[in-house]
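Geometric and topological summary
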Amino acid sequence: MNSKLILKALLYATAFFSVSVEGYEWGPAVPKIIVEFQDKVSGFDIDTFAVKTDHIEREIIDAYNTDANGKKQKGASKYVALELTVKASVIPSFGFSMGGEASPFTYDMSTGRNSWSTNYELDLDLKEGKSFKVGKSEYGGDKKVWKTFKYNLADNYVVPETKEWKKDSFTAHSITLQRASFTPKGVEKDGGKNPLVIWLHGAGEGGRDIDITLLGNEVTALAKEGIQKYFISDDLKGAYVLAVQTPTMWMDRGNSTYNNDISGKRQTSIYDAVLFEAIKDYVANNSDIDTDRIYVGGCSNGGYMTMNMMFEHGDFFTAFYPICEAYMDRNISEDMIEDVKDYNIWFLHSEDDTTVDPLATSISTYYRLMNAGAKNVHYTLTDHVIGTDDPEVQYMGHYSWVYAFNDQVKKQFDNAKVVADFENITIKGGKVTTTDNYVTNANCNRDGNMWSWLASQRKN
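Everything numeric in this text was worked out from a predicted model, so none of it was measured.

Reading the values: the criteria
- Residues numbered from 1 in each chain as written.
- Predicted model: local features only at pLDDT ≥ 70, side-chain atom pairs only at ≥ 80, totals over all residues.
- Heavy atoms only, no water.
- Helix = DSSP H or I, 4+ residues; strand = E, 2+ residues; numbered from the N terminus.
- Buried < 20%, exposed > 50% of the residue type's maximum accessible area, 1.4 Å probe, protein only.
- Contact = heavy atoms within 4.5 Å.
- Areas by Shrake-Rupley, 256 points an atom, 1.4 Å probe, with all protein chains shown as cover.
- Lys, Arg positive; Asp, Glu negative; His and termini not counted.
- Charge placed at Lys NZ, Arg CZ, Asp CG, Glu CD.
- Expected span 1.5 Å × (residues − 1).
- Pairing = 2+ DSSP bridges.
- Axes fitted to C-alpha atoms, helices over the stretch in contact; angles between N-to-C directions.
- pLDDT = per-residue confidence, 0-100.
- Salt bridge = Lys/Arg side-chain N within 4 Å of Asp/Glu carboxyl O.
- Right-handed = clockwise from strand over helix to strand, strands pointing away.
- Parallel < 35°, antiparallel > 145°, perpendicular 65-115°, else oblique.
- Nonpolar A, V, L, I, M, F, W, Y, C, P; charged D, E, K, R; others polar.

Each helix and strand counted, the protein chain has 9 helices and 28 strands in total. Summarising its shape, the C-alpha atoms of the protein chain cover approximately 80 × 50 × 45 Å along the three principal directions. Within the protein chain, the fraction of its 460 residues that count as buried is 57%. Nonlocal contacts in the protein chain, meaning residues at least 24 apart in sequence, comprise 73% of its contacts between residues at least 6 apart. Summing over all exposed atoms, the protein chain offers an accessible surface of approximately 19,600 Å²; the carbon and sulfur share of this is 46%. Here the protein chain contributes 48 positive and 64 negative side-chain charges, whose respective centroids are spaced 7 Å apart.

Right, let's get into helix α4 (residues 301–313). Helical periodicity: at 3.6 residues per turn, an α-helix aligns residues three or four positions apart in one direction. With 13 residues, α4 extends 17 Å between its outermost C-alpha atoms, agreeing within 8% with the 18 Å of an ideal straight helix rising 1.5 Å per residue. Buried residues dominate α4, accounting for 12 of its 13 residues.

The phi torsion at S174 lies on the positive side, around 65°, for a residue other than glycine. Tracing the sequence through the fold places S174 in the loop between β15 (166–172) and β16 (175–182). Here the phi dihedral of C324 falls at roughly 40°; this positive angle occurs in a residue that is not glycine. Counting through the fold element by element, C324 comes out in the loop between β20 (319–323) and α5 (334–340).

Ordered by their spatial adjacency, 4 strands build an open sheet running β4-β3-β11-β14, and the pairing between neighbours is antiparallel. A single partner strand is all that each edge strand has here, and the edge strands are β4 (56–58) and β14 (149–152). Strand-to-strand, the axes of this sheet are offset by a mean angle of 25°, without reference to chain direction. Here strand β11 (residues 121–126) pairs with β14 via 4 bridges, running antiparallel. From the neighbouring strand, E121 faces β14, where its bridge partner is N152.

In this section: the confidence of the model for the protein chain. Per-residue confidence for the protein chain gives a mean pLDDT of 91; residues scoring 70 or more make up 95%. pLDDT under 50 marks residues 1–6. Its contacts with residues more than four places away, or in other chains, come to 17 contacts. Low confidence marks residues 8–23, where pLDDT is under 50. Its contacts with residues over four positions away, or in another chain, come to 58 contacts.

With that settled, consider the pattern of salt bridges. A full pass over the atoms with the stated rule returns 15 salt bridges. One salt bridge in this structure joins K341 and E338, with 2.8 Å as the shortest N-O distance. Judged by relative accessible area, which is 16%, K341 ranks as buried. By relative accessible area, E338 is classed as partly exposed at 42%.

Turning next to the pairing of β20. Among the 5 residues that make up β20, 5 are buried, leaving the element largely enclosed by the rest of the structure. Relative to β20, strand β19 (residues 289–299) is paired through 5 bridges, and the arrangement is parallel. Across the sheet, the residue bridging to G297 is Y321, located in β20. Handedness of the crossover joining β19 and β20 through α4: right-handed. Bridge analysis of β20 against strand β21 (residues 344–350) gives 3 bridges, and the strand direction is parallel. Looking across to β21, one finds that I323 is bridged to L348. Tracing the backbone out of β20, into α5 and back to the parallel element β21 gives a crossover that is right-handed.

Time to look at the packing of helix α3 (residues 272–284) against α4. Running from N to C, α3 and α4 point in directions that differ by 85°, and their axes come no closer than 11 Å. Comparing their axes, α4 and α3 come out roughly perpendicular. Counted together, D272, L275, F276 and I279 of α3 and M305, N308, M309, E312 and H313 of α4 form the full contact between these two elements. Grouping the constituent residues of the contact of α3 with α4 by class yields 5 nonpolar, 2 polar and 2 charged.

Below, the structure written as structure tokens:
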């Protein structure tokens, strides 16, 4: 009997088990498995089974019969759904989280990228003293003995929340990028053209599987009501979303090495031309996109590429939202600052980011832009990164995209005070070296909502 058991893992990136699936701020998790038996299953509850995934004990919070598609139903069926708690995992030696417990992703240290785990083992046990029936056969108690059933769930990954995204690829200059686009319901027939929000992923989400991009940084949140609401009006049904994936990382200088070790010249990327053409191609093939409302942003590597798009192709876009961006300020000339000072920009970073030092990137660039006369540049600087899916956990400081996808970017600096403070700071080698500066989290207390601001930006 056990050898004929079929198990299917349903992979959601959500904190709620409902029709509207939301992403986890730390990345993907497996909150639900469906077990298909040979006959109808009865006599079980949430205390009947014990489950481990990837060798980690999981708490069962619900157990019920479903149909073949996983929909809950009354009465016995061949299918049993087990819903499991999910949470961030904390590294004890660091005291912060870098991911989720029992994640189906594996991080490859040699490539610096995530991939699907090829071995994600389920252990399904019957708790001591418990029993249940499969057809007329009873397991447990003094009946048939149940032996631990093991199954590699990696053979059955299913990602329901990304099915509504259209996935394709774009090739130019002998380079192929993966794309995924989201179209809100009703936008083609609403009262006007709709904005486009573009997302550029971090280094860990590169590769050739766009689901890695959509799940690794919770990009699916861009398609959910929490952010879409800012782009909905009486006439418009929301914003299109486009995510683009590079085979390696956006900061690739052309030989799979990072371009941030240079000093005093532009950080060029091998993907600059192909990315810009991939974006233009998507826009050209969608006549409903409002070309006066094209917004581009991203995190870390994608924050760098957001800055790169701004410096190299800025007039095409309406606004930029770089997050923990890695374009080193020492590589941004005064001419480059002058060229972009009139653009619409919102920076987001965390003071405790040890991966990309804000003092050497966004803070120093922000000071320089404001001193150059920028009128519509904003900055949110947090002290730590604490989300909402697992509010008891502090994430590593680099994870500031968590705030963006949770719609937690609600404070900014007083730009007049930033301008006044410029004469008091020292920037050496592209890094702010003074310590008694205005641009610290303690002074980031003026009201301002990044998504609301972004949705209001127009060229004309």
